[in-house]
Amino acid sequence: MKPSIPQGTRDFSPEQVNKRNYIFSTLRKVFVKYGYQPIETPTMEKLSTLTGKYGEEGDRLLFKVLNSGDFLKKATALDNAKKLTTQICDKGLRYDLTVPFARYVVMHKNDITFPFKRYQIQPVWRGDRPQRGRYREFYQCDVDVVGTNSLLNEVELTQIYDEGFARLGVNVTIKISNRKILAGIAEVAGISDQFMAMTIAIDKLDKIGIEGVRKEMLGHAISEESVAKVEAILQAKNLDNLKPLLADSEVGTKGCEELSTVFNYLDKVELTNKVIFDITLARGLTYYTGTIFEVSANDAKMGSIGGGGRYDDLTGIFGMKDVPGVGVSFGADRIYDVMEELKLFPDTSADSIQVILLAFDQESHDYAFGALQKLRKAAINAELYPEPVKFKKQMKYANARKAPFIIIVGEQERTSGLLTFKDMQSGEQQKLDIESIITSIKS
RNA sequence: GUGGGUAUAGCUCAGUUGGUUAGAGCGCUAGAUUGUGGUUCUAGAGGUCGCCGGUUCAAUUCCGGUUACUCACCCCA
């Protein structure tokens, strides 16, 4: 049997894990710096927690987990796959980190001091067809704060995006908009009931052009007149132009005000990356109600590598009213792909092996074992080739491991106490006692 | 969920207008060099040509189906 892994999943080599950990630890430092605390939630959630939170498409992409035991006992809808699913599955794999977080907040409300700032770095699963930059299992790095309406949080999250990507060396554009503006556009155009269809169409503007957007909206039975209104509003290049167009909409005006506030704050902070208002920004997830964020890499062809937004009442569905929240997510796997493409990873060899000991015979091997203890005691990453096998094989191993140094122990060395210390890059070698070697490696 | 592409050695791929023994590079093993890797040279191991069926004297090659992978759409990190 030829072994394989499920579609859209991947194995990671030592080098890849080191690089991934570099992303995680870099972001973690930023999150902690801004006062966020870590939590983790289970891989599986109750299906009742997950369904209905991500829109129709989201429900379709949820991985469901078959009940244990005789799951057919409760099954009656044998001719209806959708209904049957609800009868034989009551768990599902986590689809994002925001909904589980909302559930967490409600369950632990008595232990939490609000506002509660948390970060969470864990994998999520989506049953999408895999393609470039899209996986069925991928990591998100989320930062959210709940229990505060202050738009200062939006500013802080923008800074976290900015600093996070700056530290990783990825040039990005941080796009910001507000769902209330989209709601305002729908209201002014008289299509509030078609809000989602309009939003999804607008989201594609830069991809399919204004004509494509028009076609898509007309396809959703939106009237020619409404489409024309939407089009006219989309011409507004900036907030100042937009405000008068949405003057008749209370919610739209509110959206403009919120956005202005955020940008006014942002004017006062130092940023590395470009932060822009993008009216075409929409975000598919249904639970966003205010500010929305999206991040794209400037120098690589990749979809969004981060996204987020404000949700006024995500905890409401779990029975806890009036706990607004806002958060953003870093898409670690896409960031990895971008960094790989642009060769932005620093050399991670400092975290790996520093010296490997090789021995010619059993007695020398025993002697080398003693030296190995001294090296490790001095906090040097060291290993001894486990058997004194053919020397060429050991050398090849040391070379393949990319060890910067090796120590060779044979009869001469163990009798003199002076070990052969070789720099693998230059090929130079000298005879030194173990203390001198330790000093030499550490310098 | 919809549409396209691909499937040959461990990896990346060539090739066979249907015909005897299916190739290269890299990797692997051994030797040149019994105390020295990364360079070089020599030799060797490794393939039911994805799977099932059809056409044919003959199929890895042509046709149909199937599975897997992959790219794009939808949607999204």
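(A) Region of interest: the packing of helix α1 (residues 14-33) against helix α13 (residues 332-341). Where α1 meets α13, the closest approach of the two axes is 10 Å, and the angle between their N-to-C directions is 115°. In terms of orientation, α1 lies roughly perpendicular with respect to α13. Viewed along their axes, α1 and α13 form a crossing whose handedness is right-handed. Between α1 and α13, the residues in contact are Gln16, Lys19, Arg20, Tyr22, Ile23 and Phe24 and Ala332, Asp333, Ile335, Tyr336, Met339 and Glu340, respectively. Residues of the contact of α1 with α13, tallied by class, amount to seven nonpolar, one polar and four charged.

(B) Spatial organisation of a positive patch on the surface. Side chains of Lys390, Lys392, Lys393 and Lys396 sit close together on the surface and give a patch of like positive charge. Mapped onto the elements of the fold, Lys392 is located in helix α15 (residues 391-400). Residue class for Lys392 comes out exposed when judged on its relative accessible area of 61%.

(C) Main features of the packing of aromatic side chains. Under the counting rule described, the total for this entry stands at 18 aromatic pairs. Grouping aromatic residues by their ring pairs yields a cluster made of Phe31, Tyr119, Tyr161, Phe165, Phe293 and Phe330. The ring of Phe12 carries Arg20 above its face, with NZ or CZ at 3.8 Å from the centroid.

(D) Representation of the pairing of strand β4 (residues 89-93) in the model. Inspection of the sheet shows strand β2 (residues 44-46) paired to β4 by three bridges, in the antiparallel sense. By the bridge assignment for β4, Lys46 is matched with Lys91. Here three bridges tie strand β3 (residues 64-66) to β4, and the two strands are oriented antiparallel to one another. Paired with Val65 across the two strands is Lys91, which belongs to β4.

(E) Looking closely at the sheet that holds strand β5 (residues 116-125). With mixed pairing, eight strands are arranged side by side in an open sheet as β1-β5-β6-β11-β10-β9-β7-β8. Every other strand in the sheet has two partners, leaving β1 (37-38) and β8 (274-277) as the edge strands with one partner each. Contacting β5, β6 (137-146), β7 (172-178), β8, β9 (291-297), β10 (306-311) and β11 (325-331), helix α6 (residues 152-168) crosses the sheet at an angle of about 10° to β11. The strands that α13 touches are β6, β9 and β11; relative to β11, the one it contacts most, it runs at about 40°.

(F) Representation of α13 in the model. In terms of burial, α13 is largely enclosed, as seven of its ten residues are buried. Of the residues making up α13, those classed as buried are Ala332, Asp333, Ile335, Tyr336, Asp337, Val338 and Met339. Where the residues of α13 are buried, they touch α1, β6, α6, β9 and β11. Two residues or fewer after α13 comes Lys343, characterised by a positive phi angle close to 55°.

(G) View of the sheet that holds β3. On the basis of which strands lie adjacent, the open sheet formed by three strands has the order β2-β4-β3 and antiparallel pairing. Edge positions in the sheet fall to β2 and β3, since each of these pairs with one other strand and no more. For this sheet, the mean inter-axis angle between neighbouring strands, taken without regard to orientation, is 45°. Across the sheet, helix α4 (residues 81-88) is in contact with β3 and β4; its angle to β4 comes to roughly 90°.

Definitions and cut-offs
- Residues numbered from 1 in each chain as written.
- Chains lettered and ligands numbered in written order.
- Predicted model: local features only at pLDDT ≥ 70, side-chain atom pairs only at ≥ 80, totals over all residues.
- Heavy atoms only, no water.
- Axes fitted to C-alpha atoms, helices over the stretch in contact; angles between N-to-C directions.
- Helix = DSSP H or I, 4+ residues; strand = E, 2+ residues; numbered from the N terminus.
- Parallel < 35°, antiparallel > 145°, perpendicular 65-115°, else oblique.
- Left-handed = near helix turned anticlockwise from the far one by under 90°.
- Contact = heavy atoms within 4.5 Å.
- Nonpolar A, V, L, I, M, F, W, Y, C, P; charged D, E, K, R; others polar.
- Patch = residues over 30% accessible without salt bridge, like charges linked within 9 Å, V, L, I, M, F, W, Y side chains within 5 Å.
- Areas by Shrake-Rupley, 256 points an atom, 1.4 Å probe, with all protein chains shown as cover.
- Salt bridge = Lys/Arg side-chain N within 4 Å of Asp/Glu carboxyl O.
- Lys, Arg positive; Asp, Glu negative; His and termini not counted.
- Charge placed at Lys NZ, Arg CZ, Asp CG, Glu CD.
- Buried < 20%, exposed > 50% of the residue type's maximum accessible area, 1.4 Å probe, protein only.
- Phe/Tyr/Trp six-rings, centres within 6.5 Å; stacked < 30°, edge-to-face > 60°.
- Lys NZ or Arg CZ within 6 Å of the ring centre and 35° of its normal.
- Pairing = 2+ DSSP bridges.

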